[in-house]
Amino acid sequence: LEGYASGILGDGNQLRRLPLRNDCNTESAMVLALDGRFNGHRQRGLIASNLLDFVYFNSGLCQGPRADPQHGAFGLMGWGDLAPAWLVANYGDDNARAMLAVAVAAATWPTDRWDERLMRALLANLRTTGKLGFRGDRIDLPALAQHGWQFYYQAETVNCSPHFESYLWACYLWAWQHTGFRPFLDRTRTAITMTMKAYPGQWLWQNNIERARMLLCLAWLVRVEDTPEHREWLNRVAGDLLACQQASGAIHERLGRGTGGGFQAPRRNEDYGTGETPLLQQDGDPVSDQLYTTGFALLGLHEAVGATGDPKLKRAEGKLAEYLCRIQTRSQKLPYLNGTWFRAFDDRRWEPWASSADIGWGAWSIESGWGQAWTAAVLALREQGTTVWDFTATSRVRNYLPRIR
């Protein structure tokens with residue numbers, strides 16, 4: 001299920017959020033698979049396998065048009081299997097995090113059970129990515145039925161929003177490393193170059209959410225093309241993000257300067273709780289965001305250290321990891337909260353606290369997958385002295401490229 005809502009009931013419980021999302025299931029499966037592999041919890045590994053089977057084979061997320069080779073949606077993964085409004089959507093970012101999670105989970109077993117579906121998803125997203133390497137926020141089933149995939153592959157889409165685009169770029173760089181299929185690299189390099197030329201003033205949200213998300217693809221670009229320019233891009237974005245890191249290890253949120261995109265702070269009392277908003281009302285509010293920022297910052301910094309060996313980035317990663325361990329939720333009364341991370345944490349009050357103006361995900365929300373999963377996964381990989389890039393190096397997805405292509 002999707003997680004727990006922010007509202008706290010009188011007895012201390014929180015309402016469950018019911019959607020069955022592809023990203024929440026695959027990212028949760030990743031953590032359970034790592035637990036099964038590294039801690040010997042075989043039952044957790046079985047649950048992880050069942051979750052991946054659910055997404056790929058037993059739910060509606062990859063069925064219907066997405067299982068039809070003649071349809072433009074072939075190979076994509078639906079947003080959620082709950083209602084038509086969920087099942088119709090194909091978010092690039094959700095597909096990307098699911099693909100990364102499946103790659104990590106699959107590396108915990110000596111099997112290629114999900115590799116064919118992973119290769120199919122990589123190509124499905126690539127062929128709905130435009131000439132310049134941008135895919136746009138989402139492409140729904142009716143649009144694909146009307147236009148076909150070629151329409152999107154030949155489009156000159158521009159969307160300088162790392163929140164929506166950058167994890168697909170990371171997936172494509174990973175796929176290039178494993179397959180040598182040139183469009184994975186060429187389109188990604190073009191998009192990253194354009195996005196860095198637009199940084200920061202033309203980024204969609206211009207905040208730490210997007211800086212944290214950009215780190216992964218920049219780190220992996222250094223892996224495949226280690227040039228001074230690519231290292232400068234990585235150091236620049238990391239430096240601007242870490243300018244907000246506190247002595248506690250927290251990375252404070254700050255508001256974007258643009259008026260477009262999402263996450264605008266409410267300007268009137270009447271606006272509170274009516275749309276998506278940040279956790280802070282003004283810059284200087286001492287809040288970190290465990291849903292959208294810190295888990296992905298930890299992943300990006302960890303992979304950046306793996307790519308560069310930079311001691312400054314290593315120290316920052318260590319501080320952030322310690323902070324996340326210190327603010328992990330503890331509860332004996334409510335065991336389903338135990339070990340999770342609430343969305344918001346105020347490192348001056350030293351408690352979960354922030355604006356809950358966001359209509360879907362206030363300060364005390366917990367989403368399965370997302371930052372929860374990547375925080376836990378990176379902590380596991382840190383313990384093993386490896387990275388996502390290295391841990392997944394033996395993937396056999398390349399075996400499925402010729403036929404699926």
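Shown above is the structure to which this text applies.
Residues numbered from 1 in each chain as written. Predicted model: local features only at pLDDT ≥ 70, side-chain atom pairs only at ≥ 80, totals over all residues. Heavy atoms only, no water.

A. Molecular detail of the overall build of the protein. Counting its secondary structure elements, the protein contains 16 helices and five strands. On C-alpha atoms alone, the protein measures out to a radius of gyration of 20 Å, which is about the 22 Å that the 2.2 N^0.38 rule sets for 405 residues. A principal-axis box enclosing the C-alpha atoms of the protein has dimensions of 55 × 45 × 45 Å. Buried positions account for 60% of the 405 residues belonging to the protein. Sequence-distant contacts, at least 24 apart, represent 69% of the contacts inside the protein between residues at least 6 apart. When the accessible surface of the protein is split by element, carbon and sulfur atoms take 50% of a total near 16200 Å². (Helix = DSSP H or I, 4+ residues; strand = E, 2+ residues; numbered from the N terminus. Rg over C-alpha atoms; globule rule 2.2 N^0.38 Å. Buried < 20%, exposed > 50% of the residue type's maximum accessible area, 1.4 Å probe, protein only. Contact = heavy atoms within 4.5 Å. Areas by Shrake-Rupley, 256 points an atom, 1.4 Å probe, with all protein chains shown as cover.)

B. Spotlight on a nonpolar patch on the surface. Judged by side-chain polarity, Leu-1, Leu-18 and Leu-82 come together as a nonpolar surface patch covering roughly 290 Å² of accessible area. Its location among the elements puts Leu-1 in the segment before strand S1 (3-8). (Patch = residues over 30% accessible without salt bridge, like charges linked within 9 Å, V, L, I, M, F, W, Y side chains within 5 Å. Salt bridge = Lys/Arg side-chain N within 4 Å of Asp/Glu carboxyl O.)

C. Representation of the packing of aromatic side chains within the structure. As enumerated under the stated definition, the model contains 21 aromatic pairs in all. On the basis of an interplanar angle of 50 degrees and a centroid distance of 5.2 Å, the ring pair of Trp-109 and Trp-114 is categorised as tilted. Of the residues examined, Trp-114 reaches a relative accessible area of 2% and is grouped as buried. Pairwise contacts between aromatic rings join Tyr-167, Tyr-292, Phe-296 and Trp-370 into one cluster. (Phe/Tyr/Trp six-rings, centres within 6.5 Å; stacked < 30°, edge-to-face > 60°.)

D. The side chain of Asp-115, seen in detail. Mapped onto the secondary structure, Asp-115 falls in helix H5 (residues 115-126). For the buried Asp-115, which has no salt bridge, the nearest side chain bearing the opposite charge is Arg-396, at an N-O separation of 4.4 Å. Each residue touching Asp-115, except ones within four places of it in the same chain, is listed here: Ala-106, Ser-395, Arg-396, Val-397 and Tyr-400. (Lys, Arg positive; Asp, Glu negative; His and termini not counted.)

E. Representation of the sheet that holds strand S2 (residues 14-17) in the model. Spatially, the three strands line up as an open sheet ordered S2-S1-S5, and their pairing is antiparallel. Here the strands that pair on one side only, and so sit at the sheet edges, are S2 and strand S5 (366-367). Summarising the sheet, S1 and S5 pair through two bridges and their orientation is antiparallel. Of the residues in S5, the one forming a bridge with Tyr-4 is Ile-366. (Pairing = 2+ DSSP bridges.)

F. Molecular detail of the pairing of S1. Of the strand pairs in this sheet, S1 and S2 are connected by three bridges, and their pairing is antiparallel. Along S2, the bridge assignment pairs Ile-8 with Gln-14. If you look at the hairpin formed by S1 and S2, you'll find five residues sitting between the two strands, and Gly-12 has a positive phi there, around 95 degrees.

G. How the structure looks around the nonpolar core. The biggest cluster of nonpolar side chains holds 114 residues, and the ones touching the most others in it are Phe-184, Ile-192 and Trp-220. Broken down by element, this core gets its largest block of residues, twelve residues, from helix H10 (residues 208-224). For Trp-220, the residues in contact, after removing those within four places along its chain, are Leu-100, Ala-170, Leu-173, Trp-174, Glu-303, Val-388 and Trp-389. Membership of the second largest hydrophobic core comes to 13 residues, among which are Leu-279, Phe-342, Ala-354 and Trp-364. (Core = buried A, V, L, I, M, F, W, Y, C linked by side-chain atoms within 4.5 Å.)

H. Molecular detail of helix H12 (residues 294-308). Across its 15 residues, H12 extends 20 Å between first and last C-alpha, which sits within 8% of the 21 Å expected from 1.5 Å per residue. Taking burial as the measure, the 15 residues of H12 include 13 buried ones, the bulk of the element. Just downstream of H12, Gly-309 is the residue with a positive phi angle, here 70 degrees. (Expected span 1.5 Å × (residues − 1).)

I. Representation of the pattern of salt bridges within the structure. Scanning the model with the defined rule gives 25 salt bridges in all. Where Arg-21 meets Asp-23, a salt bridge forms, and the shortest distance between an N and an O atom there is 2.8 Å. Pair check on accessibility: Arg-21 and Asp-23 agree, each one buried. Where Lys-312 meets Asp-310, a salt bridge forms, and the shortest distance between an N and an O atom there is 3.6 Å. On the basis of relative accessible area, Asp-310 is assigned to the buried category, the value being 13%. A single network of salt bridges, built from pairs that share partners, joins Glu-2, Arg-17, Arg-21, Asp-23, Glu-27, Asp-93, Asp-94, Arg-97, Arg-213 and Glu-367.

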